[in-house]
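Observations on the model geometry
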Amino acid sequence: MSREDLTKIILPEDKVPKFWYNVQADMPNPLAPGLHPGTKQPLGPADLAPLFAMGLIAQEVSTERYIEIPPEVRELYKKWRPSPLFRAHGLEKALDTPCRIYYKYEGVSPVGSHKLNSALPQAFYNKIEGIKRLTTETGAGQWGTALSLACKFFDLECMVYMVRVSYDQKPYRRMVMGVYGGQCVPSPSNLTESGRAELARNPNTPGTLAMAISEAVEDAAKREDTHYSLGSVLNHVCLHQTIIGQEVKMQMEMVDDYPDIVIGACGGGSNFAGIALPFIPDKMAGKKIRLVAVEPAACPTLTRGVFAYDFGDVAGFTPLLKMYTLGHDFTPAGIHAGGLRYHGDSPLVSQLYHDGLFEATSVMQNGVFEAAMLFAQTEGILPAPESSHAIRAAIDEALKGKEEGISKSIVFNLSGHGHLDLNAYDNYLSGQMEDVAPSDEQIQASLKNLPSA
Ligand SMILES: *Cc1c(COP(=O)(O)O)cnc(C)c1O
């Protein structure tokens, strides 16, 4: 059988990785340390202990190349892993491109996105350290859904602060959280001091991820039995997601192919990191491979932000992280890809971007949905608005290949399905979607409030 015949490339179950890949072992320049928000001194494990399980803190700072996936987590991964890698024959034909397009489909997870890859180990490490309850933030609701289910599996309570614009735009996800036993409130809420302060300042705010993080951190800091959990950005989250890229490498080998370009949508950076990081050693060894992060023009962190220390949240409760940022009080327009509305980016992704190992591009909303429509009509899968940013970039690369007459191998991460994002599609189909990007003045204004480090 030639690789041209294959549509669905499935890894044998016994090949599912037993280790996560830790890029901190291989980076040309190490990460700048996180800083304490008060003292501005480098953080130690003790500073993080009130919020995170020690097992996760150890992973955050580890430089070991491979970290074992606990058997309890591997057992649960089996519910949907290995996820399929598809050859996009239908899309290729519609584009009339000589390029080979593949997509790794993480929407087959029970919650419909890649987020469960990290929610499960986060719940697991907290459970074995005696924690009873986790708090978190969520944008579009994908992370809150994943953590609600993971907490249920490990018998923990789950409290989710959901960005208000998404809470209103995407009512079904909060219902799913309810089904899984999670509690979900719109953020800013009146349950926390930071939420009440924001409501007093700005009663009609659409909310931001940075605001919801402040509330979730404040809630967790107030209770002994509670820890905080973050769905992206941090090193341990990117680590957990590397199961994606490790599987992709083996699946590409099964069809005797190797990617010229690997693409992922980039919000906090975890699904992009997940598919791209396992290719970093190859790239550093001289392989010609491009790793491309795609962000919304409405929240252009890598493409228009600065590489600087900033808070992860609005209120300044989180450690200062060195990352690409638009400023922690930057409020992106209420685009439909709620999961990409974050002012900052993973320090790992940021450092590797800074060192030239990653590329970044930004795309407008209408182009994203045009790509999503073509993908749905040729491949049959209705993609999440976030994932559709990667589809847009993959299509653009395939069209460029056609123009140049070059057959490239393009792989992108289809991080989730969009079955609960139908009002976004409705908005597009009725011609009401707006293309928005911040002005330079807007970005400069929020960058003025960067903390001094
Ligand atoms: C959350 C989410 C994203 C963006 O988050 P990252 O941490 O950048 O991956 C992308 N796609 C889907 C489907 C999501 O749920």
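Residues numbered from 1 in each chain as written. Predicted model: local features only at pLDDT ≥ 70, side-chain atom pairs only at ≥ 80, totals over all residues. Heavy atoms only, no water.

**Some words on the site of the ligand**
Lys-115, Ser-232, Gly-267, Asn-271 and Ser-415 are the nearest of the 17 residues found near the ligand. Here an oxygen atom of the ligand sits 2.4 Å away from a polar atom, N or O, in the side chain of Ser-232. Here an oxygen atom of the ligand and a backbone polar atom of Gly-267 are 2.7 Å apart. Protein burial of the ligand: of its 380 Å² of free accessible surface, 97% is covered by the chains. For the shell around the ligand, the secondary-structure elements that each account for two or more residues are α12 (270–276) and α17 (385–404). Tallied by class, the residues present in the shell around the ligand amount to three nonpolar, 12 polar and two charged. Of the residues that make up the shell around the ligand, three or more belong to each of domain 1 (19–69 + 114–235) and domain 2 (81–112 + 242–447). (Near = heavy atom within 4 Å. Polar contact = N/O pair within 3.5 Å; in protein donor to acceptor, adjacent residues only side chain to side chain. Areas by Shrake-Rupley, 256 points an atom, 1.4 Å probe, with all protein chains shown as cover. Helix = DSSP H or I, 4+ residues; strand = E, 2+ residues; numbered from the N terminus. Nonpolar A, V, L, I, M, F, W, Y, C, P; charged D, E, K, R; others polar. Domains from an automatic or database assignment.)

**Notes on the pattern of salt bridges**
Overall, the coordinates contain 23 salt bridges when judged by the stated rule. Linking Asp-26 and Arg-65 is a salt bridge whose minimum nitrogen-to-oxygen distance equals 2.5 Å. On the criterion of sequence distance, the pair formed by Asp-26 in the loop between β2 (19–21) and α1 (45–48) and Arg-65 in the loop between α2 (54–61) and β3 (66–68) is long-range, its members being 39 residues apart. Given a relative accessible area of 38%, Arg-65 falls into the partly exposed group. Here the residues in one salt-bridge network are Arg-290, Glu-359, Glu-397, Lys-400, Glu-404 and Lys-408, joined through shared partners. (Salt bridge = Lys/Arg side-chain N within 4 Å of Asp/Glu carboxyl O. Buried < 20%, exposed > 50% of the residue type's maximum accessible area, 1.4 Å probe, protein only.)

**Some points on the sheet that holds strand β9 (residues 226–228)**
Spatial strand order, β8-β7-β6-β9: four strands in an open sheet with parallel pairing. One side of each edge strand has no neighbouring strand; the edge strands of this open sheet are β8 (183–187) and β9. For this sheet the average axis-to-axis angle between neighbouring strands, irrespective of direction, equals 25°. Relative to β8, strand β7 (residues 157–163) is paired through five bridges, and the arrangement is parallel. Within β8, the position partnered with Tyr-161 by the bridge is Val-185. Here helix α6 (residues 142–153) sits on the sheet and contacts β6 (133–138) and β7; the angle it forms with β6, its principal contact strand, is near 165°. Sitting on the sheet, helix α10 (residues 209–222) is in contact with β6, β7, β8 and β9, with an inclination near 170° to β6. (Pairing = 2+ DSSP bridges. Axes fitted to C-alpha atoms, helices over the stretch in contact; angles between N-to-C directions. Contact = heavy atoms within 4.5 Å.)

**What to know about unusual backbone geometry**
Between Arg-81 and the following residue, Pro-82, the backbone shows a cis peptide bond with an omega angle of 0°. Within the secondary structure layout, Pro-82 lies in the loop between α3 (71–77) and β4 (85–87). With omega at 5°, the peptide bond leading from Ser-187 into Pro-188 counts as cis. Tracing the backbone shows Pro-188 in the loop between β8 and α9 (193–201). With a phi close to 50°, Asp-96 is a non-glycine residue in the positive phi region. Mapped onto the elements, Asp-96 comes out in the loop between α4 (89–95) and β5 (100–105).

**Focus: the domain arrangement of the protein chain**
By domain assignment, the protein chain separates into domain 1 (19–69 + 114–235) and domain 2 (81–112 + 242–447). A separation of 21 Å is found between the C-alpha centroids of domain 1 and domain 2. In this complex, domain 1 contributes 56 residues to the contact, which on the side of domain 2 involves 59 residues. Contact between domain 1 and domain 2 buries roughly 4400 Å² in total, counting both sides, with carbon and sulfur atoms accounting for 64%. When the area that domain 1 buries against domain 2 is broken down by residue, the three leading residues are Tyr-21, His-114 and Val-233, summing to 16%. The tally of links between domain 1 and domain 2 comes to two salt bridges. Among the salt bridges present, the one from Arg-173 reaches Asp-421, with a minimum N-O distance of 3.2 Å. (Buried area = accessible area lost by both parts, 1.4 Å probe.)

**Brief notes about the packing of α6 against helix α8 (residues 171–179)**
In the contact formed by α6 and α8, the axes pass within 8 Å of each other and the chain directions differ by 10°. Classified by the angle between their axes, α6 and α8 sit roughly parallel to one another. Note on element contacts: α8 touches α6 through Arg-173, Val-176 and Met-177, opposite Gln-142, Gly-144, Thr-145 and Ser-148. (Parallel < 35°, antiparallel > 145°, perpendicular 65-115°, else oblique.)

**Describing the packing of aromatic side chains**
For the coordinates displayed, the defined rule picks out 15 aromatic pairs. Aromatic pair Tyr-77 and Trp-80: ring centres 5.8 Å apart, planes at 75°, arrangement edge-to-face. The residues Tyr-77 and Trp-80 share a single accessibility class, namely buried. Seen in terms of ring centroids, Tyr-103 and Phe-412 are 5.7 Å apart; in terms of plane orientation they differ by 25°. Their pairing is stacked. Of this pair, Tyr-103 sits in strand β5 while Phe-412 sits in strand β15 (residues 409–414), and the two are 309 residues apart along the sequence. Overall, the relative accessible area of 1% leaves Tyr-103 in the buried class. We classify Phe-412 as buried; its relative accessible area is 0%. Its end group placed over the ring of Phe-279, Lys-249 keeps NZ or CZ at 5.5 Å from the ring centre. (Phe/Tyr/Trp six-rings, centres within 6.5 Å; stacked < 30°, edge-to-face > 60°. Lys NZ or Arg CZ within 6 Å of the ring centre and 35° of its normal.)

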